[in-house]
Amino acid sequence: MTAHLAQRATELRAQLNHHAHLYYVLDAPELPDAEYDKLFQELQAIEAAHPELLTPDSPTQRVIGAVLSGLTPVRHVVPMLSITTETDTTEGGAIAFDARVRRELGLSETDPPVEYAAELKFDGLAMNLRYEDGVLVQAATRGDGETGEDVTQNVRTIGQIPLRLKGRSEDMPAVLEVRGEVYMRRDDFEKLNERQRERGEKTFVNPRNTAAGAIRQLDPALVRQRPMSFYAYGLGEVKGWQLPATHAGLLDALAAFGLPVNGDRVVAEGVGGLVKFHQAMAAKRDALPFDIDGVVYKVNSRELQAKLGFKTREPRWAVAHKYPAQEQVTTLLAIDIQVGRTGKLTPVARLEPVFVGGTTVSNATLHNVFEMRRKGVRVGDKVVIRRAGDVIPEVVGRVPGDRPSYVPNFHMPRACPICKSEAAREKGSIEYRCTGGVFCPAQRKQAMLHFAGRRAMDIEGLGDKLVEQLIDAGIVQSLPGLYKLGVAKLAALDRMAEKSAQNIVDALEKSKTPTLARFLFSLGIRQVGETTAKDLARHFGTLDKLMGASVEQLLEVPDVGPIVAASIHTFFAQRHNVEVIEQLLAAGVQPKESEGEGDDRPRPLLGKTLVLTGTLPTLSRDEAQALIEDAGGKVSGSVSKKTNYVIAGEEAGSKLEKARTLGVTVLDEAGLKALLAS
Ligand code: IVH
C-alpha cells in the first residue's frame with residue numbers, strides 16, 4: 001500500500017514540478033489552475049497521512065514554515081564576491097576594460113579579439129542556492145561575502161526557483177550552488193504599494209529594498225505577500241558536474257536545469273559588441289518589467305577567467321557598467337494640488353530640478369495626504385525622488401535632517417483650487433475630489449487632453465499648452481467646440497503660426513472618423529479604459545445600441561462587472577453627457593460603427609493571439625496592434641504556448657527566443673501583412 005502511495009507521490013511531484021516550471025519560468029502554462037490545485041491537494045493528503053513520505057523538495061514545502069526567532073549564519077564554501085563597478089558608462093568604459101583584460105592576458109594587437117558575455121545587472125539582492133543531488137537544500141544571502149544568512153524557508157516561496165532541478169537523476173551534480181539575484185518586478189511592487197495605500201498602510205520605497213527586507217523576514221506568511229522573482233547568473237561550489245567551457249554555455253545549462261535565466265544577453269567579440277549591448281539595453285531599460293542598474297561584461301571563456309583570476313574581492317574577468325540612478329535626492333520647494341480628469345485632487349511636489357532615471361524631474365506625485373503624513377515630508381525637506389520605467393516620478397521619502405520648527409503641516413484644501421467648488425472625500429475613500437464636474441476648468445482641460453490623446457481621438461498638436469489657452473481664454477468650452485475652431489481663431493493665439501494652426505485644423509478633421517472603440521474611450525467614462533471600450537464596441541456594434549443599453553445588457557459584455565456597468569449606465573443617463581455626444585455627432589464626428597456583430601468584413605485573425613517584438617520596418621507598434629485587432633486578433637505582451645504568431649522586427653529579444661523554444665510561428669512584417677490579407 002505505502003509502496004503504491006510512495007510511487008504516486010513521486011509521480012505527483014514530477015507533474016507539479018513540470019507544470020510549475022511551465023507556469024513560473026516559461027510563462028506558458030498548460031494546465032488550468034484548478035487542475036494544478038487538485039494534484040497539489042492529492043499530494044498534500046498523501047503526505048499528511050504518511051509523513052515518512054514527505055521530502056524536502058516536495059512542492060508542498062513551498063508554503064509551509066514556522067516563524068523563526070532569528071536567521072542562522074551560513075559560511076560560504078566559495079566566497080560571494082562583488083564586481084568592479086564603473087559609472088563611466090561611455091564607450092571609454094568598455095574599451096578600458098577590454099584593454100585591461102588583454103594586457104593581463106598578455107595579448108598583443110595582432111591577437112584576435114576576446115569573447116565576452118554581456119548581460120544585465122539586476123537590481124536586487126544576491127542569493128546562493130545550494131542543490132544537492134538536484135534538490136534545493138539551502139538558500140543563503142551574501143552577507144559580508146564570507147558568511148551570509150540562511151533564508152531557505154523564504155526562498156521556497158519564490159515560485160520561479162525550482163525545489164528540484166529538471167533532468168535525469170543520474171545527471172544531477174552532487175553539489176551545485178547557483179548564484180543569482182532575487183528581485184521584485186515593478187508591477188508586483190506597484191500592486192503591493194497600491195494595496196498598502198488602499199489599506200492606509202505604509203508604502204515601500206523601491207522594489208530592491210522591499211525584496212531585501214522580505215527575504216530576511218522571520219514570518220513566512222508575510223513573505224508570501226511580497227512576490228519575488230529570480231535570475232541565475234553564476235556559480236558557487238560545484239561537485240560532480242562537468243562545467244561548460246563558457247559563461248554563456250553555463251547560463252544555457254542552468255536554464256536547462258529549470259532555473260530562470262534572463263534572455264537579454266549576448267556573446268560579443270571584442271569591444272564593439274559590448275558598446276552595442278550597453279546602448280541597446282539603455283534604450284530598453286524603461287520597458288523592462290524590473291529594475292536594472294546597469295550591464296555586466298564577463299570574459300566568456302572559463303579558462304581565460306581562471307587565468308585572469310581575482311584581485312582581493314573582485315574578479316579581473318568581469319566589470320559592471322552602471323546606468324544613471326533612478327533615485328536622487330533634491331529639495332521639496334512647494335506642494336501644489338493637481339485636479340485630474342475625474343476631479344481627483346493629488347498633491348504634487350514642486351522640486352528643485354534633478355536628473356533622475358535619464359530625465360530632469362521638477363514635479364513628482366505625493367499620491368495622497370495620508371501617505372504624505374506617513375512619510376513625514378514637509379516643504380523645505382530634502383526628499384528622495386524615484387523615477388523608474390514609465391512610472392510617474394514620485395516622492396518616496398524624506399532624508400532625515402534638521403528643519404526649521406515653523407514649517408506648517410500640509411492640509412488638503414476644502415475647495416477645488418481651480419473652480420472653488422467644494423472638495424470632498426467620498427465615504428470610505430482616501431481620495432479628495434472636486435465636485436465641480438464639467439464646470440471645473442481643470443477637469444475640462446484634463447478631459448480635453450484625454451479626448452485628444454494618441455490612443456483616443458488622436459488629435460495631433462492639441463497638447464497641454466494649447467488646451468490651457470483655449471479653456472482659459474474661453475475660446476472652447478467643451479469638446480464639441482473643438483470642431484468649430486478655424487485657422488483664424490487658432491492663429492490669433494500666442495505662439496501659434498498660421499501653419500501650425502492649419503495643421504491642427506487638419507488634425508481635427510482627420511479625427512472625425514474614429515473607430516467606435518476609440519470614440520468611447522475618448523469620452524472618459526469612469527471605469528472604461530481602452531480594453532473595455534473595445535469590448536463594448538465589439539459587443540454593441542453601434543453607439544445607439546450602447547447608449548440605450550440597460551445595466552443587465554451591459555453585464556452581458558464579457559469582462560464587464562457590476563461596477564463598470566453601473567458607471568457606463570450612469571454616464572449615459574446624464575443629460576449633459578448625451579448633449580456632448582449629440583453635439584460631437586452634429587459637428588461631423590462619425591464613429592465607425594462597423595466592428596460589432598453586424599460586421600461583415602473578413603476577420604482573418606479571429607481567435608488568434610499575436611505577440612509583437614522588436615522594431616518593424618514600416619509599422620509602428622500601435623499601428624500593427626490596430627491592424628491586428630481590426631482583423632479580430634488579440635495582441636499579448638508575452639509569448640506562451642497559446643500564442644499563434646510572433647511578429648518579430650529588428651532587435652527582437654527574449655520573446656523571439658522564447659517563440660523559438662516553444663515552436664511558435666515567427667513572422668516578419670511582410671508575413672503579418674500576408675496574414676491580414678488572407
Ligand atoms: S556576477 C564574481 N552578474 O551585483 C562575480 N552579479 O557587485 C559575481 N549582480 O552582488 C557577480 N546582476 O548581486 C553578477 N548579471 C550579474 C549581476 C550581478 C546583478 C549583483 C550581484 C553582486 C553585485 C556585484
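Heads up: the structure comes first, above all this text.
A short tour of the structure in this document, coming up. Note that the structure is predicted; figures quoted are calculated from it, not measured.

1. Description of the sheet that holds strand S22 (residues 634-636)
Pairing between the strands of a sheet comes from backbone hydrogen bonds, and it takes one of two forms, parallel or antiparallel. Ordered in space as S22-S21-S23-S24, the four strands form an open sheet in which the pairing is parallel. The two strands at the open ends of the sheet, each matched to only one other strand, are S22 and strand S24 (665-667). Going from strand to strand, the sheet's axes swing by 35 degrees on average, the running direction of each strand aside. Where strand S21 (residues 609-613) and strand S23 (residues 645-648) come together, four bridges link them in parallel fashion. Paired with Thr613 across the bridge in S23 is Ala648. The sheet contacts of helix H24 (residues 669-677) involve S21, S23 and S24, and relative to S24 the element is tilted by about 105 degrees.

2. Quick look at helix H21 (residues 575-586)
In this model H21 runs 16 Å from its N-terminal to its C-terminal C-alpha over 12 residues, within 8% of the 16 Å that 1.5 Å per residue would give. Burial in H21 covers these residues: Asn577, Val578, Ile581 and Leu584. Down the axis of H21, the buried set is contained in an arc of 120 degrees. They therefore lie on one face. Count one or two residues on from H21 and you reach Gly588, which has phi positive near 110 degrees.

3. Things to note about the site of the ligand
The environment of the ligand is made up of 14 residues, and the closest members are Glu119, Leu120, Glu181, Tyr233 and Lys298. In this structure, Glu181 approaches the ligand through a side-chain N or O atom, which is 2.5 Å from an oxygen atom. Tyr233 places a polar side-chain atom, nitrogen or oxygen, 3.0 Å from an oxygen atom of the ligand. Here the ligand loses 87% of its free accessible area of 520 Å² to cover by the protein chains. Listed by contribution, the elements that provide at least two residues to the shell around the ligand are strand S3 (115-122) and strand S10 (292-299). For the shell around the ligand, the element with the most residues is S3, which contributes four residues. Class assignment for the residues of the shell around the ligand results in eight nonpolar, one polar and five charged.

4. Quick look at the pairing of strand S8 (residues 229-239)
Among the 11 residues in S8, eight count as buried, and that is most of the element. Pairing of strand S7 (residues 175-183) with S8, which is carried by eight bridges, proceeds in the antiparallel orientation. In the sheet register, Leu176 faces S8, and the bridge partner there is Val238.

Conventions used here
- Residues numbered from 1 in each chain as written.
- Predicted model: local features only at pLDDT ≥ 70, side-chain atom pairs only at ≥ 80, totals over all residues.
- Heavy atoms only, no water.
- Pairing = 2+ DSSP bridges.
- Helix = DSSP H or I, 4+ residues; strand = E, 2+ residues; numbered from the N terminus.
- Axes fitted to C-alpha atoms, helices over the stretch in contact; angles between N-to-C directions.
- Contact = heavy atoms within 4.5 Å.
- Expected span 1.5 Å × (residues − 1).
- Buried < 20%, exposed > 50% of the residue type's maximum accessible area, 1.4 Å probe, protein only.
- Arc of directions from axis to C-beta.
- Near = heavy atom within 4 Å.
- Polar contact = N/O pair within 3.5 Å; in protein donor to acceptor, adjacent residues only side chain to side chain.
- Areas by Shrake-Rupley, 256 points an atom, 1.4 Å probe, with all protein chains shown as cover.
- Nonpolar A, V, L, I, M, F, W, Y, C, P; charged D, E, K, R; others polar.

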